[in-house]
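Report on the structure
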Amino acid sequence: MNTVRTSIRPVTTRSRIRDLYAHPLGRDIIDKLLLQLGRSSRWVTNPAVGALRLDRLPRLTGGRIDAAFLDTLVDLLAQHPDVPVDDDTTPVTPAWWKEAVFYQIYPRSFADSDGDGIGDLPGIIERLDHLVDLGVDAIWLCPVYDSPNDDNGYDIRDYQAILAEFGTMADFDRLLAEVHRRGMRLVMDLVVNHTSDEHPWFVEALRDPASPYRPYYFLRPGTGEDGSEPPNNWTSFFSGSAWRHYPEHDVWALHLFSAKQMDLDWDHAPMRADVIAMVRWWLDKGVDGFRLDVVNYISKRRGLPNGNPMIGELMRFTGVEHYFAGPRLHEHLRQLRREAFAPYDAVAIGETPGVGIELGKLLTGEDRGELDLVFSFDHLEAPGKVRFDDYRYDLRHLRRVLERHQRAFGNRSWSALFLDNHDNPRMVSKVDPRPAHREAVAKLLATIQLTLRGTPFLYQGQEIGMVNQAFTSIDQLRDVESLNRYAELRSAGSTEQEALVGVLAGSRDHARTPMAWDAGPHGGFTTGVPWIEGDGDHAQCNVADSRADERSVLAWHRALIALRRAHPALVYGTVEFDRSARGHLWRYRRSGDDGEVLVVCNLSDRPRRCRPPGPDYALALRSVPGGGTADARLAAYEARVYVRRAASSPGVAPTVSHTSIVPSSDGVASATPLNR
Ligand code: NOJ
């Protein structure tokens, strides 16, 4: 299919639901709402529903969807009139960042070189060879800039200085040189939706209403008779109102995140110019690009109107419809691309919460000059669930979301593939917290992540199968989001235990405990007292022991990465999902000029029967030892990867060595095809 329609008929309040669904952003919004409601998209393709006019919705929903909301919706769609190019016939344009496997480092928890309990840049340098050994190509380094650390560095006080706890600028320069010397690339975190309240721009803006920095932020008078109410009803992602009151200055400041993370006003051109100059300063140093923090939030709807309460309730945050895809988003991204990224050919990776498939395609469309790839988040929680809900994640949801995403994305847009990061509990624990399944689940997830279309981002610890921590008290948690939520639950009447339970399932601290390097004290992370304590799991799960074990999760990651490198089909090839494999059995093929790779996964904790592929497929990797060559039974959470050579290619054997993964005792030699 090769569609070249570039824009779409405007949606008005007299349009019908089917018109809304035909609009790229409208489709994303409906899909998101259906996901939150736990409903299938078949609901909206039902002709009776599709024929409903939007202006009937206020009556039908008893006013919960009101005229103001419809106006916002119509305006929002008008601001995104473009249609992404759906093209899956032209081959994918090659790029290093499509081929690369990224590894995310959370510096505070990675490796501490000086015994102060806090990870640092020299510590990262000491551990770079671990990444070389694993086979990663690029590092995404979470913020290392000077910061008061209210949100562990995502609250930046000085964009051009290194946080003293992490080292010096000389350490950074050395890190960059050492990364490059090893043939890897380094991508930094660009946090420019907000700054710290201690950034000199904000300090000045607050102190002096006539300051040139005043328009850099959203500083507004209060509402209500005496100005004691916030300017609007938006809520913060970290609890409470999104406005901080400064009574001594008689003003309120917008902060979508913590009360020390002040939102920047991207509509103010001098602010954008300062950001662009800062980005260029880093690119001049030789960094290879940036991951752009919550970058889809940078454009806010003019006038900052109140959010719709119903949407707020559904999304758990009020006001999102006014900034998750704001009016000038594309324009601002294009300027940033043109003036900062493009001259350096630097990669721009967008963190884009709430962005659906269609907007994701627009933001990364090759022809559009905005971002190169995006992180989307729809796969992270089950339908109707949010991160703080305590539930077992069903991998069939992952399958549904990823299949849909992979089918829709086409060849002209690109996305990131991730399961763990510093903002989420560990996926292995969400899928199945039982220790007996830990290794199999970790290998299964790695297989999915490293064989589908998109750029894989591994998060530190994922490569050895690190899991959630057994926190038992709020005193062990450090994250501002968890602590605010706990305080909010307590003040709403929860007991200490209830509030703790309300925080634990979703706490970001699960992924922020020290990297487990060995079985020694604090997992070899520090010789001092770590800033956040792990629960002792490093005794059974650590890098040193994993290296010595050829069946470890680490060895599995290494083998998959090597396989990916040996088979360009895994990067550029098409993806075809086998419709005959249903439910918990997932089979897909990646095909390219170099041949075909077939992936078979059991998404459940029970053995499943599966039809082994024909004799021209060689079993390259098998995650669960056991069985024989004609084994038609997948163990719980088992993953297998087969390789089929193109007729013109020499031989049928996989090019990757995997004898350590497929043990000889189970009768499957490395290049031996499975019998039917
Ligand atoms: C997304 C980051 O990944 C997260 O850690 C941070 O708290 C928010 N953005 C705010 O910067």
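Residues numbered from 1 in each chain as written. Predicted model: local features only at pLDDT ≥ 70, side-chain atom pairs only at ≥ 80, totals over all residues. Heavy atoms only, no water.

- If you check an unreviewed UniProt entry, the protein appears there as Oligo-1,6-glucosidase from Nocardioides massiliensis.

1. A closer look at the sheet that holds strand 9 (residues 219–220)
- Across the sheet, which stays open at both edges, the three strands sit in the order 9-11-10 with antiparallel pairing between neighbours. Each edge of the open sheet carries a strand with a single partner, namely strand 9 and strand 10 (243–246).
- Direction of pairing for strand 9 relative to strand 11 (residues 251–254): antiparallel, over a ladder of two bridges. Within strand 11, the residue paired with arginine 220 across the bridge is tryptophan 252. (Pairing = 2+ DSSP bridges. Helix = DSSP H or I, 4+ residues; strand = E, 2+ residues; numbered from the N terminus.)

2. Concerning the sheet that holds strand 19 (residues 585–592)
- Taking strand neighbours across the sheet as the criterion, the five strands line up as 18-19-20-24-22 in an open arrangement whose pairing is antiparallel. Every interior strand has two partners, whereas the edge strands, strand 18 (574–577) and strand 22 (618–622), have only one. Sheet twist, expressed as the average angle between the axes of neighbouring strands with direction ignored, equals 20°.
- Here strand 20 (residues 595–602) runs beside strand 24 (residues 639–645); their pairing, made up of seven bridges, is antiparallel. Paired with valine 600 across the strands is arginine 640, a residue of strand 24. (Axes fitted to C-alpha atoms, helices over the stretch in contact; angles between N-to-C directions.)

3. With respect to helix 2 (residues 24–37)
- Over its 14 residues, helix 2 runs 20 Å from end to end, which matches the ideal 20 Å to within 8%, given 1.5 Å per residue.
- With ten of its 14 residues buried, helix 2 lies for the most part within the structure.
- Those residues of helix 2 lying buried are Pro24, Leu25, Gly26, Asp28, Ile29, Ile30, Asp31, Leu34, Leu35 and Gln36.
- Positive backbone phi, approximately 70°, marks glycine 38, located one or two places after helix 2. (Expected span 1.5 Å × (residues − 1). Buried < 20%, exposed > 50% of the residue type's maximum accessible area, 1.4 Å probe, protein only.)

4. Structural notes on the site of the ligand
- Residues in contact with the ligand amount to 14 residues; listed here are only the nearest, Asp151, His194, Asp293, His422 and Asp423.
- A distance of 3.0 Å is found between an oxygen atom of the ligand and a side-chain nitrogen or oxygen belonging to arginine 291.
- Separating an oxygen atom of the ligand from a side-chain N or O atom of arginine 508 is a distance of 3.0 Å.
- Surface burial for the ligand is 98%, taken as the share of its 290 Å² of free accessible area covered by protein chains.
- Across the shell around the ligand, the residue classes break down as four nonpolar, three polar and seven charged. (Near = heavy atom within 4 Å. Polar contact = N/O pair within 3.5 Å; in protein donor to acceptor, adjacent residues only side chain to side chain. Areas by Shrake-Rupley, 256 points an atom, 1.4 Å probe, with all protein chains shown as cover. Nonpolar A, V, L, I, M, F, W, Y, C, P; charged D, E, K, R; others polar.)

5. Some thoughts on the environment of glycine 307
- With respect to the secondary-structure elements, glycine 307 resides in the loop between strand 13 (289–292) and helix 13 (309–315).
- Under the relative-accessibility criterion, glycine 307 is labelled buried at 4%.
- A C-alpha to C-alpha distance of 7.0 Å links glycine 307 and glutamate 321, two positions 14 residues apart in sequence.
- Apart from residues no more than four positions distant in its own chain, glycine 307 is found in contact with Asn233, Trp234, Thr318, Gly319, Glu321 and His322. (Contact = heavy atoms within 4.5 Å.)

6. A closer look at the pairing of strand 7 (residues 185–190)
- For strand 7, the tally of buried residues reaches five of six residues, placing the bulk of the element in the interior.
- The pairing of strand 4 (residues 138–141) with strand 7 spans four bridges and is parallel. Looking across to strand 7, one finds that leucine 141 is bridged to methionine 188.
- Relative to strand 13, strand 7 runs parallel, the two being bridged by four bridges. Looking across to strand 13, one finds that leucine 190 is bridged to leucine 292.

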